[in-house]
Amino acid sequence: MFRAMLWSQWRESRLAMVVLAGIAGAVPLLSLRGAGAVTDPWSSWDLLRATAQWGAAYPILALTAALALAVGAWWPDHRTKHVYALTLPISRVRYLLLRYGAGLTLMLAIAGVLAVSTLVATMRVSLPPLLHAYPAGITIRFFLAGVSAYTILFA
């Protein structure tokens, strides 16, 4: 049953998913695009400034992904006036949990693309000794922001 819900939600939001996954893959790479080997501690400020300018893109991307997934979750039901959903032999609570879980799975896919992209972006840059990159932290924060927004918009 979960696979059918996931397929239904993927079918309705696949174009938005592909675009959002592409943007999620591009943002970390674009934020570090001019950065090479940073050896001078004073030039690390330029790197921090460049990444801070792109920092606002992550919550906007998480909100956009949550909106697209929330709309994609309910669009098939609205189109059929909830007749199919009401005739299923499962409880409404289980139906809601399956729909919600399908959206979380798709959000996890976008976060996975972001995780790969942040790992590639941080491997390309040589950082000075006291400056650290946290690609997993960015991905986890993105996913939690997306889940929070998706939960609100799903309801």
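Because the structure is a prediction, the values reported are computed rather than measured.

A. Inspection of the pattern of salt bridges at higher detail. Scanning the entire structure with this criterion turns up 1 salt bridge. Between E12 and R11 there is a salt bridge; the shortest N-O distance is 4.0 Å. E12 sits in the partly exposed class, given a relative accessible area of 25%.

B. A look at the packing of aromatic side chains. Across all of its chains, the model carries 3 aromatic pairs by this definition. Centre to centre, the rings of Y150 and F154 are 5.5 Å apart; their planes meet at 40°, and the pair counts as tilted. Residue Y150 and its partner F154 are both found in helix 6 (residues 135–154); the two are separated by 4 residues, about one turn of the helix. In terms of burial, Y150 and F154 fall into one category: buried. Through successive ring pairs, a cluster of aromatic residues spans Y100, Y150 and F154.

C. Here's a closer look at the packing of helix 1 (residues 2–31) against helix 5 (residues 92–124). Packing of helix 1 against helix 5 brings their axes to within 9 Å, and their N-to-C directions diverge by 25°. On the basis of their axis angle, the class for helix 1 and helix 5 is roughly parallel. When you trace helix 1 past helix 5, the crossing you get is right-handed. For the contact of helix 1 with helix 5, the class distribution of residues is 21 nonpolar, 9 polar and 2 charged.

D. Structural detail: a nonpolar patch on the surface. On the surface, L63, L67, V71, W75 and L153 cluster together into a nonpolar patch covering about 470 Å² of accessible area. Sort the elements by how many residues they give to the nonpolar patch and helix 3 (residues 57–79) lands first, with 4 residues. In this structure L67 comes out as partly exposed when scored by relative accessible area, which is 46%.

E. Main features of the layout of surface pockets. The volume enclosed by the largest pocket comes to roughly 410 Å³. Lining the largest pocket are 21 residues, and of these L32, T51, T122, A133 and I138 sit closest to its centre. Contributions of two or more residues to the lining of the largest pocket are made by helix 1, helix 2 (44–54), helix 5 and helix 6. For the lining of the largest pocket, the element with the most residues is helix 2, which contributes 5 residues. Grouping the constituent residues of the lining of the largest pocket by class yields 15 nonpolar, 6 polar and no charged.

F. Representation of helix 1 in the model. A rise of 1.5 Å per residue sets the reference length of helix 1, with its 30 residues, at 44 Å; its end C-alpha atoms lie only 37 Å apart and thus fall more than 12% short of the reference. The largest bend along helix 1 reaches roughly 70° and is located at S13.

G. Layout of the side chain of S8. Note on placement: S8 falls in helix 1. Apart from the residues lying within four places of it in its own chain, the contact partners of S8 are P76 and R99.

H. Fine view of the environment of S13. Locating S13 in the fold gives a position in helix 1. Along the primary structure S13 and G72 are separated by 59 residues, whereas in three dimensions their C-alpha atoms are 5.1 Å apart. With residues near it in sequence (within four places) discarded, S13 still touches A68, L69, G72 and L106.

Conventions and cut-offs
- Residues numbered from 1 in each chain as written.
- Predicted model: local features only at pLDDT ≥ 70, side-chain atom pairs only at ≥ 80, totals over all residues.
- Heavy atoms only, no water.
- Salt bridge = Lys/Arg side-chain N within 4 Å of Asp/Glu carboxyl O.
- Buried < 20%, exposed > 50% of the residue type's maximum accessible area, 1.4 Å probe, protein only.
- Phe/Tyr/Trp six-rings, centres within 6.5 Å; stacked < 30°, edge-to-face > 60°.
- Helix = DSSP H or I, 4+ residues; strand = E, 2+ residues; numbered from the N terminus.
- Axes fitted to C-alpha atoms, helices over the stretch in contact; angles between N-to-C directions.
- Parallel < 35°, antiparallel > 145°, perpendicular 65-115°, else oblique.
- Left-handed = near helix turned anticlockwise from the far one by under 90°.
- Nonpolar A, V, L, I, M, F, W, Y, C, P; charged D, E, K, R; others polar.
- Patch = residues over 30% accessible without salt bridge, like charges linked within 9 Å, V, L, I, M, F, W, Y side chains within 5 Å.
- Areas by Shrake-Rupley, 256 points an atom, 1.4 Å probe, with all protein chains shown as cover.
- 1 Å grid on protein atoms, 1.4 Å probe; cavity = no way out; pocket = protein on both sides within 12 Å on 5 of 7 lines; lining within 4 Å.
- Points joined across faces, edges and corners; volume = space filled by probe spheres on them.
- Expected span 1.5 Å × (residues − 1).
- Bend = angle between axes of the 7 residues up to and from the residue.
- Contact = heavy atoms within 4.5 Å.

So, to be careful, I would describe these as geometric facts and stop short of saying anything about function.
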